[in-house]
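Structure assessment
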Amino acid sequence: MELKPLSDLNFQVEVRENLENPVLVKFHAPGCNPCAVMDTVLQELAPGFDGVMFTSCNVQDAPVTASELGIRSVPTLVLFTDGMVRDMLTGTHSKADLRHWIQDNV
């Protein structure tokens, strides 16, 4: 399952105005190996969370959004509920840790 791509152009509508479902955003950068690892983990996790939208945001395509959220390193995962930041994680994490993190925050 591919993560839905986000940018400064669609972030507001897809994440901030999405009051139906929690949204997990993976902030990443080109050439970031840990980001690629997290991509694989999230793609494997996504099918188990029907009510959560899994997305991916290249910080180069969303410099305004990344700045507003204080994203200083990648990968950073941000979980939104009702359009607001619920929790953030930075770095790589195991599939089991991420499963628990998502379950604890949705």
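Residues numbered from 1 in each chain as written. Predicted model: local features only at pLDDT ≥ 70, side-chain atom pairs only at ≥ 80, totals over all residues. Heavy atoms only, no water.

1. Remarks on the nonpolar core
The tendency in soluble globular proteins is for nonpolar side chains to be buried as a group. Let me state the cut-off plainly: In this text, buried Ala, Val, Leu, Ile, Met, Phe, Trp, Tyr and Cys residues form a nonpolar core when linked through side-chain atoms within 4.5 Å. For every residue, the accessible area obtained with a 1.4 Å probe (protein chains only) is divided by the maximum for its type, and the residue is called buried under 20%, exposed over 50%, and partly exposed between those limits. Note on conventions: DSSP H or I runs of at least 4 residues are helices, E runs of at least 2 residues are strands, and numbering of each starts at the N terminus. Only heavy atoms enter the contact rule, under which two residues are in contact if any of them lie within 4.5 Å.
The biggest cluster of nonpolar side chains holds 16 residues, and the ones touching the most others in it are L24, L42, F54, L77, L98, W101 and I102. For this core, the element with the highest residue contribution is helix α2 (residues 33-45), accounting for four residues. Excluding its chain neighbours within four sequence positions, the residues that come into contact with L24 are L42, V52, M53, F54, T55, L77, V78, L79, W101 and I102. Membership of the second largest hydrophobic core comes to 14 residues, among which are V25, C57, A66 and F80.

2. Some points on unusual backbone geometry
A cis amide bond links V74 to the next residue, P75, at an omega of 0°. Assignment of secondary structure puts P75 in the loop between α3 (63-68) and β4 (76-81). Unlike most non-glycine residues, D82 shows phi in positive territory, near 55°.

3. Some points on the packing of aromatic side chains
Here a ring pair, both rings aromatic, is described through the centre-centre distance and the interplanar angle of the planes. How we decide: Only Phe, Tyr and Trp rings are paired, with Trp represented by its six-membered ring, and only when their centres lie within 6.5 Å; those with planes under 30 degrees apart are stacked, over 60 edge-to-face, the remainder tilted.
In the structure shown here, the tally under the stated rule is three aromatic pairs. Measuring from ring centre to ring centre gives 6.3 Å for F11 and F27, while their planes differ by 40°; the resulting arrangement is tilted. Remark: F27 occurs in strand β2 (residues 23-28) and F11 occurs in helix α1 (residues 11-16); sequence separation between them is 16 residues. Relative accessible area serves as the criterion here: at 4%, F11 is assigned to the buried category.

4. As for the environment of S67
By the secondary structure assignment, S67 is in helix α3. The sequence separation of S67 and Q43 amounts to 24 residues, and the corresponding C-alpha distance is 26 Å.

5. Focus: the sheet that holds strand β5 (residues 84-90)
Keep this limit in mind: For two strands to pair, DSSP has to find at least two bridges joining them. Helix axes use the C-alpha atoms of the stretch in contact, all axes being lines fitted to C-alpha atoms, and the angles between their N-to-C directions lie in the range 0 to 180 degrees.
Spatially, β1-β3-β2-β4-β5 is the arrangement adopted by the five strands of the open sheet, whose pairing is mixed. Edge positions in the sheet fall to β1 (4-6) and β5, since each has one partner strand and no second. Ignoring strand direction, the axes of neighbouring strands in this sheet form an average angle of 25°. Strand direction decides the pairing type here: β2 and β4, joined by five bridges, are antiparallel. If you follow V23 over to β4, its bridge partner there is F80. Each of β2, β3 (53-58) and β4 touches α2; the most contacted strand, β2, lies at about 160° to it.

6. Description of the pairing of β3
We count it as follows: Here the term right-handed applies to a crossover when the path leading from its first strand over the helix to its second strand runs clockwise, the strands being oriented away from the viewer.
Counting buried positions over the six residues of β3 gives six, a clear majority of the element. Note that β2 and β3 share six bridges and pair parallel. Within β3, the residue paired with V23 across the bridge is M53. With α2 bridging β2 and the parallel β3, this β-α-β connection has right-handed handedness.

Geometry only, nothing functional implied.
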